[in-house]
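Survey of secondary and tertiary structure
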Amino acid sequence: MAGTNDVRSIFIVGLRNAHAMENQALSIMQPQVKRIEHYPEVGQRLQEHVRETEAQQQRLETVLGQFDEGHSSLKDMALSMVGSMAALAHSAADDEILKNSFANFAFENFEIAAYKSLRTLAELGGFQSAIAVIEQNLAEEEAMARWLEEHLDSTTRRYASLSASGETAKI
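Let me sum up the structure you'll find in this document.

Parameters at a glance
Residue numbers here run from 1 along each chain, matching the order of that chain's written sequence. Per-residue local features are limited, in this predicted model, to residues with pLDDT of at least 70; the limit for side-chain atom pairs, both in listing and counting, is 80 or more; totals at the level of whole chains, interfaces and linings are taken over all residues. Calculation of side-chain values draws on the structure's entire complement of heavy atoms; hydrogens and water are dropped beforehand. For this document, the term salt bridge refers to a Lys or Arg side-chain nitrogen within 4 Å of an Asp or Glu carboxyl oxygen. Put simply, DSSP H or I for four residues or longer makes a helix, DSSP E for two residues or longer makes a strand, and each gets a number counted from the N terminus. Two aromatic rings, drawn from Phe, Tyr or Trp (for Trp, its six-membered ring), form a pair once their centres lie within 6.5 Å of each other, and the interplanar angle then sorts them: stacked below 30 degrees, edge-to-face above 60, tilted otherwise. For every residue, the accessible area obtained with a 1.4 Å probe (protein chains only) is divided by the maximum for its type, and the residue is called buried under 20%, exposed over 50%, and partly exposed between those limits. When the NZ atom of lysine or the CZ atom of arginine is within 6 Å of a ring's centre and also within 35 degrees of its normal, the charge is said to sit over that ring. The length a helix should cover is 1.5 Å for every residue beyond the first. Between the N-to-C directions of two axes lies an angle of 0 to 180 degrees, each axis being a line fitted to C-alpha atoms and, for a helix, fitted only over the stretch in contact. Each angle gets one of four labels, with under 35 degrees taken as roughly parallel, over 145 as roughly antiparallel, 65 to 115 as roughly perpendicular, and the rest as oblique. Throughout, a crossing is termed right-handed when the near helix is turned clockwise from the far one, and left-handed when it is turned anticlockwise from it by less than a right angle. For this classification, Asp, Glu, Lys and Arg are treated as charged, while Ala, Val, Leu, Ile, Met, Phe, Trp, Tyr, Cys and Pro are nonpolar and the rest, including Gly, are polar.

**Let's talk about the pattern of salt bridges**
All chains considered together, the criterion is met by 9 salt bridges. Where Glu-96 meets Arg-35, a salt bridge forms, and the shortest distance between an N and an O atom there is 2.6 Å. Of this pair, Glu-96 sits in helix H4 (residues 96–125) while Arg-35 sits in helix H1 (residues 4–35), and the two are 61 residues apart along the sequence. Between Lys-99 and Asp-95 there is a salt bridge whose closest N-O contact spans 2.8 Å.

Quick look at the structure:
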């Protein structure tokens, strides 16, 4: 097994990656929130998760600060741009709400995996003070993924209904 210093280095990189990942999540969700018209329950839940995500970033910054480290502005900027491009790409699709729903669900599961890995690293390094933060972020991501999964059927049905009636249904 790697030494504590090696685990610490890997953990710090993971925390910085998680912070940048949350930046990417914001750049994906915020444009969706601004554009949603026909799916108010989706818009409301996304807005709630935007607030959760902002709090997650603050918690990650606090943990990084406990290690006398900071987030990576370069990673934050790069992943924010990737998220913005993904949001822009979906906005051109007639079934934008469905593509966003699929992508959001996939991204939440990506975040869940990242936080589970971070929790393992915190355990390996004995970084007990970080575990509660990681578990709180993980629980919020799991709750969002569950919500998205539970609402995929109703979102798809609403999209199909609006499309069949000739109304704008994309978002």
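**Describing the packing of aromatic side chains**
What the rule picks out here adds up to 4 aromatic pairs. For the pair Phe-107 and Phe-110, a centre-to-centre distance of 5.9 Å together with 35° between the ring planes defines the contact as tilted. Here Phe-107 pairs with Phe-110, and both are found in helix H4, just 3 residues apart, close to one helical turn. Take Phe-107: its relative accessible area is 13%, and that puts it in the buried class. Taken together, the aromatic side chains of Phe-11, Phe-67 and Phe-127 make up a single cluster linked through ring pairs. Directly above the aromatic system of Tyr-39 lies the positively charged group of Arg-158, at a separation of 6.0 Å from the ring centroid.

**Points about helix H2 (residues 40–66)**
Taking 1.5 Å of rise per residue, 27 residues should cover 39 Å, and H2 covers 39 Å from first to last C-alpha, within 8% of that figure. Residue Asp-68 follows H2 closely and has a positive phi angle near 55°.

**Section: the packing of H4 against helix H5 (residues 128–164)**
Running from N to C, H4 and H5 cross one another at 160°; their axes reach a closest spacing of 9 Å. In terms of their interaxial angle, H4 and H5 are classed as roughly antiparallel. Here H4 and H5 pass one another in a crossing that is left-handed. Grouping the constituent residues of the contact of H4 with H5 by class yields 16 nonpolar, 6 polar and 9 charged.

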